[in-house]
Amino acid sequence: MESNPTRMCELLVGLPDVVVLGVDDVAGEPIVVVVESVLDQGWCRECGSKARVKDRSRVTHVDLPCFGRPTRLVWSKPRWWCPAAGCPARSWTITDPRIAWPRAALTDRAARWVTVQVGRHGRSVSEVAGELGCDWHTVNDAVITYGTALLDADTDRVGAVDALGLDETLFFREGPRHHKKWCTSIVDAGGPGRQSKLIEVIEGRTAKVVSEWIDAQPQDWRTEIRWGVLDMSGPYRKVFNDSLGHATQIADPFHVVKHANEKLDECRRRVQNETLGHRGRKDDPLYRGRRLFTKAHERLDEAGEAKLLGLLEAGDPKGEVRMTWHAKETVRQIYAIEDYDKATKFIDDMADETMPIEVQSLSRTLTRWRSQILAWHKAKVTNGPTEAINNLIKRVKRIGFGLRRFSHYRIRVLLYAGHPNWDLLPTITPR
Ligand SMILES: [Zn+2]
């Protein structure tokens, strides 16, 4: 048991080579811990003479919260000067990056801690800043600086990839006209027993920018990619054709089913308009059923099923919404069954001129992407991984409110969804 109160205080403060001069505690204010560097003899860096203490400078850093309260570390450092005649050295102050980097607002340990809170756990910058009692930029700057250093140091983060996924993400809308900015997520889609992760995020969603990125990767890495997972977008198909021609393309089931649901919505709105002459109102049967229709059939209980049939009976005189609903369920079935030939037949059967125009449109899309949709049956790369990544990115976007710079956004999503090796964080040097 330690009995020396000064020593106990230093143990609590936990910083190397300092003595604790005092702790100021004013109600409603951050706790202020004043420390002083242990005074070893200083030596002149120019001429090697014994230096003398000129005075002491005090710098204040935002430190880790202490006992649940924001804390400031006031660090008193000796300013040295060289007494040797004619020596060009002027005065200098010691630095100790174990405590804080020169000109950093946060102590080093606080900076590493906020990087974990925001980068790894996905907490918002403003929430963490609130806990430290400092402003948004102070925390964000530290996360970007330390996060960049971690990602740079983690050279093993992206290993061999079996299935490479491409997905577009809306990064932000800025300006009064809500201008959309798109970026492309490049994903290791994982596979059986393999964790998926975000590999990179790049600005834009054109075939050109994505191909340029892939072409710049090592030849061996590209050769090992067997599957290319994509939404049903022309540009990404072109990327795989141009840059990974050997990989088998797979249409991401999540996007295929989403497309079928969009067609169902289109059909519902058209029939609504044709039968009632106005857009959906809260008492209109088709409008009331809009969520029920897009729900997976097996997730409807008996009452839900009865309600769905009743609403269709009341609002869908020609049975068009019902047929589109069946088409949507058929698309879902394509992925539920194991049998390749049966899945092929599902797609072919949908091409029928007596079907509503929305089903015909869906059928044309499925036919155009037929090989990519059916390739799923060979690869069994499920939509799970890409979908999980999309959800991660969406969460970062939601909590990353205020991020207006792509470079910051990129670091944030890579820290959160790119699974860097966090064990490296204590070893990195921020720049
Ligand atoms: Zn000197």
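Residues numbered from 1 in each chain as written. Predicted model: local features only at pLDDT ≥ 70, side-chain atom pairs only at ≥ 80, totals over all residues.

Participant: Summarise the overall build of the chain; cite the residues concerned and give the values.
Facilitator: Looking only at helices and strands, one finds 17 helices and 10 strands in the chain. In summary, the chain has a C-alpha radius of gyration of 30 Å against a globular reference of 22 Å for 431 residues, an excess of more than 25%. By its C-alpha atoms, the chain is 100 × 55 × 50 Å across when sized along the principal axes. When burial is assessed residue by residue, the chain has 34% of its 431 residues classed as buried. (Helix = DSSP H or I, 4+ residues; strand = E, 2+ residues; numbered from the N terminus. Rg over C-alpha atoms; globule rule 2.2 N^0.38 Å. Buried ≥ 20, exposed ≤ 12 C-beta atoms within 10 Å, placed from the backbone.)

Participant: Hey, could you go over the nonpolar core for me, with residue numbers and the actual values?
Facilitator: By size, the foremost hydrophobic cluster in this structure holds 87 residues, and its most contacted members are V114, V139, V143 and V413. At seven residues, helix α17 (residues 406-417) tops the list of elements feeding residues into this core. Among all residues touching V143, those that are not within four sequence positions of it are V114, T115, V118, G119 and V125. (Core = buried A, V, L, I, M, F, W, Y, C linked by C-beta atoms within 7 Å. Contact = placed C-beta atoms within 7 Å.)

Participant: So what's going on with the environment of G22? Which residues, and what values?
Facilitator: Looking at the secondary structure, you find G22 in strand β1 (residues 18-24). Given 12 C-beta atoms within 10 Å, G22 falls into the exposed group. As for G22 and V34, which are separated by 12 residues in sequence, their C-alpha atoms are 5.3 Å apart.

Participant: Tell me about the packing of helix α12 (residues 320-336) against helix α14 (residues 357-368), residues and numbers included.
Facilitator: Where α12 contacts α14, the two axes come as close as 9 Å, and the packing angle between them is 20 degrees. Our classification of the angle between α12 and α14 gives roughly parallel. Mapping the contact onto sequence places M323, T324 and A327 in α12 and E358, V359 and L362 in α14. Tallied by class, the residues present in the contact of α12 with α14 amount to four nonpolar, one polar and one charged. (Axes fitted to C-alpha atoms, helices over the stretch in contact; angles between N-to-C directions. Parallel < 35°, antiparallel > 145°, perpendicular 65-115°, else oblique. Nonpolar A, V, L, I, M, F, W, Y, C, P; charged D, E, K, R; others polar.)

Participant: Describe the domain arrangement of the chain, and please don't skip the residues or the numbers.
Facilitator: Segmenting the chain into domains produces domain 1 (1-89), domain 2 (104-155), domain 3 (163-252 + 383-419) and domain 4 (257-363). On a C-alpha basis, the centres of domain 2 and domain 4 stand 47 Å from each other. (Domains from an automatic or database assignment.)

Participant: Talk me through the pairing of strand β9 (residues 227-230); I want residue IDs and the actual numbers.
Facilitator: The two faces of β9 match: W227 and V229 on one face and G228 and L230 on the other face are all buried. Sheet analysis places β9 next to strand β10 (residues 248-251), joined by four bridges and oriented parallel. Its bridge partner being in β10, W227 is matched across the sheet by T248. Once you follow β9 into helix α7 (residues 234-243) and on to β10, the crossover reads as right-handed. (Pairing = 2+ DSSP bridges. Right-handed = clockwise from strand over helix to strand, strands pointing away.)

Participant: If you had to explain α17 to someone new, which residues and values would you point to?
Facilitator: Taking 1.5 Å as the rise per residue, α17 with 12 residues should run 16 Å; its terminal C-alpha atoms sit 16 Å apart, in good agreement. Along α17, nine of the 12 residues are buried, which leaves the element largely enclosed by surrounding structure. By the burial criterion, the buried members of α17 are Y409, R410, I411, R412, V413, L414, L415, Y416 and A417. H419, located one to two residues past α17, shows a positive phi value of around 45 degrees. (Expected span 1.5 Å × (residues − 1).)

Participant: Before we move on, could you go through the environment of E313 and cite the residues and values that matter?
Facilitator: With respect to the helices and strands, the residue E313 is situated in helix α11 (residues 302-315). The exposed category is assigned to E313, around which 12 C-beta atoms lie within 10 Å. In this structure the C-alpha to C-alpha distance between E313 and P70, which are 243 residues apart in sequence, comes to 63 Å.

Participant: Talk me through the packing of α12 against helix α13 (residues 340-350); I want residue IDs and the actual numbers.
Facilitator: It is at 9 Å that the axes of α12 and α13 come closest, and there the two elements cross at 160 degrees. Judged by the angle between their axes, α12 and α13 are roughly antiparallel. The handedness of the crossing between α12 and α13 comes out as left-handed. Across the interface between the two elements, A327, T330, Q333 and I334 of α12 pack against A343, F346 and M350 of α13. Its residues assigned to classes, the contact of α12 with α13 shows five nonpolar, two polar and no charged. (Left-handed = near helix turned anticlockwise from the far one by under 90°.)

Participant: Tell me what's going on with unusual backbone geometry, and back it up with residues and numbers.
Facilitator: Even without being glycine, F67 reaches a positive phi, approximately 50 degrees. Looking at the element boundaries, F67 is found in the loop between β3 (52-66) and β4 (69-81). Exposure remark for F67: the 8 C-beta atoms within 10 Å place this residue in the exposed category. At H419, a residue that is not glycine, the phi angle is positive and equals roughly 45 degrees. Exposure remark for H419: the 19 C-beta atoms within 10 Å place this residue in the partly exposed category.

Participant: Tell me about helix α8 (residues 253-276), and name the residues and values.
Facilitator: Given 3.6 residues to a turn, an α-helix orients residues that are three or four positions apart in the same direction. The terminal C-alpha atoms of α8, which comprises 24 residues, lie 34 Å apart, in line with the 34 Å expected from a rise of 1.5 Å per residue. Turning to α8, its buried residues are P253, H255, V256, H259, A260, K263, L264, C267, R268, V271 and Q272. Looking at the buried side of α8, the elements it contacts are β10, α9 (285-288), α10 (290-294), α12, α14 and α15 (370-379). Immediately beyond the C-terminal end of α8, within one or two residues, lies G277, with a positive phi of roughly 75 degrees.

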